[in-house]
Amino acid sequence: MYFCQTKALKLYIKTFDKLSFSNFSKISVISAIRNVTHVMKNYFSSDFKLGILGGGQLGKMMLYSTRKFDITTHVMDASDEAPCKIACNQFTLGDLMDFDAVYNFGKQVDLLTFEIENVNVDALEELEKEGVKVYPSSKNLRIIQNKATQKLFYRDHDIPTSDFMRFAYRSEIEDAIDNGGLEFPFVWKAAQFGYDGNGVKMVRQLSDLNDLPTGECIAEALVPFKNELAVIVARNEQGDVTTYPVVEMEFHPEANQVEYVICPARIDAAVAKKANAVAMEVSKAFNHVGVLAVELFQTETDDILVNEVAPRPHNSGHQTIEASYTSQFEQHVRAILNLPLGKTDSKVGGIMVNLVGAEGHTGNVIYENIEHIMQLEGVTPHIYGKKQTRPFRKMGHVTIVNEDINEARRVAENVKQTIKVISK
């Protein structure tokens, strides 16, 4: 029924384009048809199946919304202890990088999305050819999966980003340094499979290259910046677009992971407007469906440069669960199902604190002092359901809401110092 309705809509639009109505009349009729199809599609308490590739914490939080709407969900993950397992309608154990596993899973659902980029893109592409809707598309994921290809995409579309050099092998970096084409310091990034601070390293001297992977990589010019910012853009299939307020991110100096996300960002309105415009430019270039997190640098001269993007719900949007009218997870579901997008305004100032495994602790997890932070006003912990902790592993997050963002930041610091993610 779902695909028949989509084909019918395209046929109706094509037919009306041939009629001699005024442009206003055509647009009105087409808009009315689209609205009717929204009513006709029955995702709620129905046989419609939404497939999610990846069973981690992002998928788990996405399931908050699908359970609220009673949308049937199928999840596939390589771990039998994936956080999503307890909340989806059907769980499949499978390797996300295996073509057959992804393809066979995709054939069982009506629409497919993902909560992690490390997915077999060839399988997604084949599913699309056979009529399965995949959002965001395999085309966009193929670009985003490879940081070198992603950077070239920005260059080709005149999107501001830092200078970079692309290398097929790490050994080529040494040649570029010897020839004067590359100077210290710079940021080394693995072209693929980097996440949560892995696959990124500051290179200040030649010895810093030791023990790094030898494969494809990029070397980025070090950007002198005031702030690291992010904007989440949501777009549905019919092209409706909206953005969340610009957020400010503070990173752990050693792990290169986000420690705090602050919304709204403590920046001038003119800078926020510029950041939003650049994020919209990126969204337009990808023409994505779903939410797209755009990570940005605010330079010392208040220019805005794109760092990288994530075509899914993102760490920079976790505070939206408590602080916004529509969470990023519900918004992603709305967007991929081509439903009306929700209001993105903040109800209150929000700060997210990442809970990561403490150094020196590996094993069964204990959240030490969690009862103390739960006594604080406006504090909400989210525990991801990972039974084993290790140093810097993302185990949960805490949201702090307050009318005064500076007071929220003070409480966030208290939370960070109080709760400890340790092992037995």
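Here the residue numbers are simple positions, counted from 1 along each chain's written sequence. Given that this is a predicted model, residues contribute local features only at a pLDDT of at least 70 and side-chain atom pairs are listed and counted only at 80 or more, while totals for whole chains, interfaces and linings are drawn from all residues. For side-chain calculations, the full set of non-hydrogen atoms in the structure is used, while hydrogens and water are omitted.

## So, the pattern of salt bridges
Under the convention used in this document: Any carboxyl oxygen of Asp or Glu within 4 Å of a side-chain nitrogen of Lys or Arg constitutes a salt bridge here. Here the term buried applies to any residue with accessible area under 20% of the maximum for its type, exposed to any over 50%, and partly exposed to those in between, with areas from a 1.4 Å probe on protein chains only.
All chains considered together, the criterion is met by 19 salt bridges. Lys-85 is the partner of Asp-80 in a salt bridge, and the nearest nitrogen-oxygen pair spans 2.7 Å. Classification of Asp-80 by relative accessible area gives partly exposed; the value is 45%. Shared partners join several salt bridges into a network, and the residues in it are Glu-248, Glu-250, Arg-266, Arg-409 and Glu-413.

## Details of helix H6 (residues 138-145)
As a reminder, the rule being used: Strands are runs of DSSP state E lasting at least 2 residues, helices are runs of H or I lasting at least 4, and numbering of each runs from the N terminus.
Across the eight residues of H6, six count as buried, placing the element largely inside the fold. Ser-138, Asn-140, Leu-141, Ile-143, Ile-144 and Gln-145 are the residues of H6 that are buried.

## Quick word on the sheet that holds strand E2 (residues 72-77)
What counts, and what does not: At least two bridges found by DSSP between two strands are what make those strands a pair. Two residues form a contact once any of their heavy atoms are found within 4.5 Å. Axes here mean lines fitted to C-alpha atoms, for a helix over just the part in contact, with angles spanning 0 to 180 degrees between N-to-C directions.
Within the open sheet, the five strands sit side by side as E3-E2-E1-E4-E5. Their pairing is parallel. Strands at the two margins of the open sheet, each flanked by one partner only, are strand E3 (90-93) and strand E5 (133-134). Strand direction decides the pairing type here: strand E1 (residues 49-53) and E2, joined by five bridges, are parallel. Along E2, the bridge assignment pairs Gly-51 with His-74. Those strands touched by helix H3 (residues 57-69) are E1, E2 and strand E4 (111-114), and its axis lies near 175° from that of E1. Running at roughly 175° to E2, helix H4 (residues 99-106) makes contact with E1, E2, E3 and E4 of the sheet.

## Considering the sheet that holds strand E17 (residues 363-368)
Overall, antiparallel pairing links the three strands, which are arranged E19-E17-E21 in an open sheet. A strand with exactly one partner marks an edge of an open sheet, and here the two such strands are strand E19 (388-389) and strand E21 (420-423). Examined bridge by bridge, E17 and E19 share two bridges and lie antiparallel to one another. When the sheet's bridge partners are listed, Asn-364 is paired in E19 with Gln-388.

## Here we look at helix H9 (residues 269-286)
The following threshold applies: The length a helix should cover is 1.5 Å for every residue beyond the first.
A rise of 1.5 Å per residue sets the reference length of H9, with its 18 residues, at 26 Å; its end C-alpha atoms lie 26 Å apart and thus fit the reference within 8%. Residues of H9 that are buried in the fold lie against H6, helix H7 (147-156), strand E10 (225-235), strand E11 (241-243), strand E14 (290-299) and strand E15 (304-310). Of the residues flanking the end of H9, it is Asn-287, one or two places downstream, whose phi is positive at about 50°.

## Some remarks on the nonpolar core
Worth spelling out the cut-off: Only buried residues count toward a nonpolar core, which is a set of Ala, Val, Leu, Ile, Met, Phe, Trp, Tyr and Cys residues joined through side-chain atoms within 4.5 Å.
Formed by 23 residues in total, the largest nonpolar core has its most connected members in Val-282, Phe-286, Val-294 and Leu-296. Secondary structure elements with two or more residues in this core: H6, H7, E10, H9, E14 and E15. For this core, the element with the most residues is H9, which contributes six residues. For Leu-296, the contacting residues outside a window of four places in its chain are Asn-227, Glu-228, Leu-229, Val-231, Ala-275, Val-278, Ile-304, Leu-305, Val-306 and Asn-307.

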